[in-house]
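# Close look at the chain arrangement
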Amino acid sequence: MSKKTNSKKELLPKQREELFITLKHRFEKNMNRHKGLEWDKVKAKLEAPASNQDEKLWSLNEMERTGGEPDVVSLDKKTGEYIFYDCSAESPAGRRSFCYDRQALDSRKENKPKDSAMDVAEAMGIEILTEERYRELQKLGKFDAKTSSWVKTPSEIRKLGGATFCDFRYGTVFVYHNGAESYYAARGFRGSLRI
């Protein structure tokens, strides 16, 4: 994948072509993640003209560029949108060592991380997985066996200074908490995108 992106949040034709090749290969290699879905229909949706289509494809490419290995996990039959999740075996390598959100980042006086998970997700145009979506992802394979991923934290917990994260150990999804300002080299975040 090309590391260079456009500041306008749109892909160059070559980047778009590379992204589609990568997504098709991943789709065909992991059919268990999207039973009943067809690549040709997914690709047609990705290529369909829409007011924010360029930004959506840019966001999908950002998921790929930062190590998320996005893949289609379902189709929302009400909206007709395909839902992509980060499906990398471990938490995306290009999105680790972040604290939870801007408030947590601003509260650190020393040894600040370079950014926060919520800010990076927003800049990428994706949503951090909720605990429920994280559990859905784990039904499609084994993810985060060596790493962990921040998940969207309930407001009651966040108001008290905490944030939640998940991982997969001993055949089980575990949900934990930390101070929102904490960050670790083995903790990133996973996102979702609707197209």
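Look up: the structure comes first, before these words.
None of these values were measured; they are calculated from a predicted model.

Before going further, it helps to examine the overall build of the protein chain. What the protein chain contains, in helices and strands, is seven helices and eight strands. Rg of the C-alpha trace for the protein chain: 17 Å, near the compact-globule value of 16 Å for 195 residues, within the 12% margin. Here the C-alpha coordinates of the protein chain stretch approximately 45 × 40 × 30 Å along the principal axes. Across the 195 residues in the protein chain, those meeting the buried criterion constitute 45%. Excluding contacts between residues fewer than 6 apart, the proportion of contacts in the protein chain whose partners are at least 24 apart in sequence is 60%. Of the roughly 10400 Å² of accessible surface on the protein chain, 50% is carried by carbon and sulfur atoms. When the 37 positive and 31 negative side-chain charges of the protein chain are each reduced to one mean point, those points stand 2 Å apart.

A separate point is the pattern of salt bridges. If charged atoms from side chains of opposite charge come close, those side chains can pair. According to the stated counting rule, one finds 19 salt bridges in the structure shown. The partner of glutamate 18 in a salt bridge is lysine 14, and the shortest N-O contact between them spans 3.5 Å. Here glutamate 18 pairs with lysine 14, and both are found in helix 1 (residues 13–29), just four residues apart, close to one helical turn. You can call lysine 14 exposed: its relative accessible area is 59%. The salt bridge partner of arginine 169 is aspartate 167, with a shortest N-O separation of 3.6 Å.

Turning next to the sheet that holds strand 3 (residues 127–128). A sheet is described by the order of its strands in space; here four strands give the open sequence 1-2-8-3, paired in antiparallel fashion. In the strand order of this sheet, the two ends are held by strand 1 (70–76) and strand 3, each with one partner. Relative to strand 8 (residues 191–194), strand 3 is paired through two bridges, and the arrangement is antiparallel. Across the sheet, the residue bridging to isoleucine 128 is glycine 191, located in strand 8. Here helix 1 sits on the sheet and contacts strand 1 and strand 2 (81–86); the angle it forms with strand 1, its principal contact strand, is near 70°. Lying over the sheet, helix 2 (residues 39–47) contacts strand 1 and strand 2, oriented at roughly 95° with respect to strand 2.

Attention now moves to the packing of helix 1 against helix 3 (residues 53–65). Axis angle and axis distance: for two packed helices, these are the angle between their axes and the distance between the axes, and together they describe the pair. Relative orientation of the contacting elements helix 1 and helix 3 amounts to 60°, with a least axis distance of 11 Å. In terms of their interaxial angle, helix 1 and helix 3 are classed as oblique. Handedness of the crossing formed by helix 1 with helix 3: left-handed. Every residue of helix 3 that contacts helix 1 at Arg16, Leu19, Phe20, Thr22, Leu23 and Arg26 is listed here: Asp54, Leu57, Leu60, Asn61 and Glu64. Per-class residue counts for the contact of helix 1 with helix 3 are five nonpolar, two polar and four charged.

Turning next to the pairing of strand 6 (residues 172–179). Direction of pairing for strand 5 (residues 162–169) relative to strand 6: antiparallel, over a ladder of eight bridges. Considered in strand 6, the bridge of alanine 163 is made with asparagine 178. From the end of strand 5 to the start of strand 6, which pair antiparallel, there are two residues, and tyrosine 170 there has a positive phi angle of about 55°.

A word on the packing of helix 2 against helix 3. Contact geometry for helix 2 and helix 3: axes closest at 9 Å, N-to-C directions at 120°. It follows that helix 2 is oblique to helix 3 by the angle criterion. Of the residues in helix 3, those in contact with Lys45, Leu46 and Glu47 of helix 2 are Gln53, Leu57 and Leu60. Of the residues assigned to the contact of helix 2 with helix 3, the class counts are three nonpolar, one polar and two charged.

All right, on to unusual backbone geometry then. Despite not being glycine, aspartate 144 has its phi angle at roughly 60°, a positive value. Along the chain, aspartate 144 falls in the loop between helix 6 (131–138) and strand 4 (148–150). Positive phi, normally seen in glycine, also occurs at tyrosine 170, with a value near 55°. Of note, tyrosine 170 is situated in the loop between strand 5 and strand 6.

Thresholds applied
Residues numbered from 1 in each chain as written. Predicted model: local features only at pLDDT ≥ 70, side-chain atom pairs only at ≥ 80, totals over all residues. Heavy atoms only, no water. Helix = DSSP H or I, 4+ residues; strand = E, 2+ residues; numbered from the N terminus. Rg over C-alpha atoms; globule rule 2.2 N^0.38 Å. Buried < 20%, exposed > 50% of the residue type's maximum accessible area, 1.4 Å probe, protein only. Contact = heavy atoms within 4.5 Å. Areas by Shrake-Rupley, 256 points an atom, 1.4 Å probe, with all protein chains shown as cover. Lys, Arg positive; Asp, Glu negative; His and termini not counted. Charge placed at Lys NZ, Arg CZ, Asp CG, Glu CD. Salt bridge = Lys/Arg side-chain N within 4 Å of Asp/Glu carboxyl O. Pairing = 2+ DSSP bridges. Axes fitted to C-alpha atoms, helices over the stretch in contact; angles between N-to-C directions. Parallel < 35°, antiparallel > 145°, perpendicular 65-115°, else oblique. Left-handed = near helix turned anticlockwise from the far one by under 90°. Nonpolar A, V, L, I, M, F, W, Y, C, P; charged D, E, K, R; others polar.

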